[in-house]
Amino acid sequence: MTLVEPKVIGTSAERVDAHDKVTGTAVYAFEHSVDDPTYLFPILSTIGRGRVTAMHTADAEALNGVLAVLTVFDAPRLADTSDGELAILQDPEVHFRGQFVGAVVAESPEVARHGASLVRVAYDAEAHDTDFRSGRDDLYAPEEVNAGFPTDTEDGDVGAALAAAAVTVDEVYSTAMEHNNPMEPHAAIARWAPGGTGPVLTLHDSTQGVHSVRKTLAPLFGLEVEQMGVIAPYVGGGFGSKGLPHAHDVLVVMAAQRVEGRPVKFALTRQQMFALSAYRTPTVQHIRLGADADGRLTALSHEVIVQSAKIKEFAEQAAVPSRMMYSTPTRYTTHRLASLDVPAPSWMRAPGETPGMFAAEVAMDELAEACGLDPIELRIRNEPEVDPSTGRPWSGRRLTDCLREGSRRFGWADRDATARARSDSEWQVGMGMASATYPANTSPGSVARIVYESDGTYTVQIGSVDIGTGAWTALTQIAADALGCPLDAIALQIGDTNLPSATVAGGSTGTSSWGSAIVAAARAFRDEHGTSPAPGAEASAGTPGNPDADRVALHSFGAHFVEAHVHRDSCEIRVERMLGVFAIGRVINTRTVRSQLLGGMTMGISMALHESSVNDPRFGHVVTQDLASYHVSTHADIRYLDAVCLDDVDEHANPMGSKGVGEIGVVGAAAAVANAVRHATGVRVRKVPIHLDDLLPG
């Protein structure tokens, strides 16, 4: 693979969208200026399961300014109802509390909200089931888990290996339900065109992929894909929750069908997002490890139970990292689902790896303790020469380098292995670590177009989306180096289905996939037009196939180091220091990459100490529906954080030599915190978030 010669790539280039965002001129979904807008407020179910028997709408319809009321009895019919999450208002069935059962459209958001409060809904309620637990007798194995991985794997006789092992770990770990809470809520503006040559339907959407939204939604409304346009130049965060269209997109499009060509604006409230914008499923994970007296693994078993929804299956692949992380002659992994009367879970930053590596890396810490080994040494002893899950050689596995460099920078050598050995006044001090990994994939299907303009600049067009990660800047840098021109000679256009197709911003594949297409287009442009092109010269190319993808194992690796302080009396936990060291291929932009890694590490601290969506099984819904009761890490919780990237170019990954960075920062971070808390207190907590009362035994 021919790599791009880096000149602008690898620098700390300022964000090209920085001025617009700082000055407030960057336009987000709900803010787009449209003529004569209307506003939607939804009506949500107040039972967990059953049927709507009546909806009394007269009071709302009589309210001055109300334009339309949609109900389950009269809403527009969808052409495709195969997706249970998106097939809203098509029948009176209630599948979870907080489900859309109607909506009010009005001249102002205040009137729409008041009108929705006037609609009286009658139900025939049934018993709901939202009780997620491991002892259920109706757990089942899905056909496959997220990202197309096999549900179960089995290599060798794990039972016999465990029975013969000199040292074993056999414990259950759990992670809480978590909700994506991007700064910008899910929002959209929908407008049906009364006629003309443009799209029949236009959607300004807060999404991670304009083309994927169009591909999913157009068939629901009987449209050809080209008859729908989706626009998203700026997105205020997504973390996976905006990777797929959700029911609010369908509702706003339905509402727009009722108001004779006028646009309809709809933004979910923070409270509504807890039922309608996806979330990370809770997990229960049973891990068994067997090792010889020297700490070399002889058996690994990782059995996972996750939550899914009756309306739509989603199987989080939490055991998948255990299939490739460490070497062992016997291995067993499974996934089982509890299908409940709940909203559908979906992607949340590093799905699978985040909860799975929490359990696996805490278990490895327990094994190190049982073997009397340093946790870093244990991991190095179990380094696999090739990918255990595929047998392929690594494209570049530098976990050992991450561990050793992190140890040096963090002062790990000064750590006393004895728990509770160090204190600072009223605080017990502990140090913990954990490994991190994430696949380095490139998704096919993106196309870039380059046009040379009369003013000497190059317009680079690709329908990708920047969800705040820095794609505007990184893609501009890639284009500049691929074309051999200055950064300011590139005019990037993204975030619109009028541009060439692009894959979703997810799975840490965006820069790899879109950047590869831009490099291919640049090379095609130079081949066709040389270095002195005529104004109007253009070329297009798609993301090329990677000939190495089936020959090597492509993954990023990292290591987290944490110093935790725990108060002797109150059990308050503070993460005083945290360092992450990562091998992620060539860094495209040092500034945005560091920001992404620190953001992931912050989410890991938040997972370890704060985040938990609490379900009340009596009523069948999450009761922590705002940022006052759903706790996240704040500035006061984040003290010294640093992220370091090794000098690393992966020539097998893509023409830039880079790998994805958006998700690896959170993987393993919570485990490092939990392991540091164990070292500080002597108390092993096998769940997150860790509560103060979990530490009282110590």
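One structure accompanies this document, and this report is about it. (Residues numbered from 1 in each chain as written. Predicted model: local features only at pLDDT ≥ 70, side-chain atom pairs only at ≥ 80, totals over all residues. Heavy atoms only, no water.)

1. Let's talk about the overall build of the chain
- A count of helices and strands for the chain gives 14 helices and 29 strands.
- Here the chain has a C-alpha radius of gyration of 26 Å; the compact-globule value for 698 residues is 26 Å, and the two agree.
- The burial tally for the chain puts 60% of its 698 residues in the buried class.
- Expressed as a percentage of contacts within the chain between residues at least 6 apart in sequence, the contacts between residues at least 24 apart total 81%.
- For the chain, the distance from the average position of its 56 positive side-chain charges to the average position of its 87 negative side-chain charges is 3 Å. (Helix = DSSP H or I, 4+ residues; strand = E, 2+ residues; numbered from the N terminus. Rg over C-alpha atoms; globule rule 2.2 N^0.38 Å. Buried < 20%, exposed > 50% of the residue type's maximum accessible area, 1.4 Å probe, protein only. Contact = heavy atoms within 4.5 Å. Lys, Arg positive; Asp, Glu negative; His and termini not counted. Charge placed at Lys NZ, Arg CZ, Asp CG, Glu CD.)

2. Details of helix α10 (residues 399-410)
- Between its terminal C-alpha atoms α10 stretches 16 Å, which fits the 16 Å expected from 12 residues at 1.5 Å a residue.
- Taken together, the buried positions of α10 are L399, T400, C402, L403, E405, G406, S407 and F410.
- Looking at the buried residues of α10, the elements they touch are α9 (375-381), β19 (427-439), β24 (555-567) and β25 (573-583).
- Where α10 terminates, the next one or two residues include G411, which has phi positive at roughly 80 degrees. (Expected span 1.5 Å × (residues − 1).)

3. Considerations on the pattern of salt bridges
- By the definition in use, this model includes 39 salt bridges.
- Between D365 and R684 there is a salt bridge, and its shortest N-O distance comes to 2.9 Å. Of this pair, D365 sits in helix α8 (residues 353-371) while R684 sits in the loop between α14 (669-681) and β29 (687-688); the two residues are 319 residues apart in sequence, bridging distant segments of the chain.
- On the accessibility criterion, D365 (7% relative accessible area) is buried. (Salt bridge = Lys/Arg side-chain N within 4 Å of Asp/Glu carboxyl O.)

4. Some remarks on the pairing of strand β2 (residues 50-56)
- As paired strands, β2 and strand β4 (residues 93-94) are joined by 2 bridges and run antiparallel to one another. From the neighbouring strand, R51 faces β4, where its bridge partner is E93.
- Pairing analysis gives 6 bridges linking β2 to strand β6 (residues 120-125), with the strands arranged antiparallel. Looking at the pairing, R51 lines up with D124 of β6. (Pairing = 2+ DSSP bridges.)

5. A few points about unusual backbone geometry
- The peptide bond linking V688 to P689 adopts the cis configuration, its omega dihedral lying at 0 degrees.
- By secondary structure assignment, the location of P689 is in the segment after β29.
- Positive phi, normally seen in glycine, also occurs at A278, with a value near 75 degrees.
- Here A278 lies in the loop between α7 (270-276) and β15 (283-291).
- With a relative accessible area of 5%, A278 lands in the buried category.
- The backbone of A350 sits at a positive phi, close to 60 degrees, despite the residue not being glycine.
- Looking at the secondary structure, you find A350 in the loop between β17 (331-340) and α8.
- Take A350: its relative accessible area is 0%, and that puts it in the buried class.

6. Points about the sheet that holds strand β22 (residues 490-493)
- A sheet is described by the order of its strands in space; here 4 strands give the open sequence β22-β21-β20-β23, paired in mixed fashion. The two strands at the open ends of the sheet, each matched to only one other strand, are β22 and β23 (538-542). Strand after strand, the sheet turns through a mean of 20 degrees between neighbouring axes, direction not considered.
- In this sheet, β23 lies alongside strand β20 (residues 447-452) in antiparallel orientation, the contact comprising 5 bridges. Of the residues in β23, the one forming a bridge with A448 is A541.
- Those strands touched by helix α11 (residues 471-483) are β20, β21 (458-461) and β22, and its axis lies near 135 degrees from that of β22.
- The strands that helix α12 (residues 510-529) touches are β20, β21 and β23; relative to β23, the one it contacts most, it runs at about 140 degrees. (Axes fitted to C-alpha atoms, helices over the stretch in contact; angles between N-to-C directions.)

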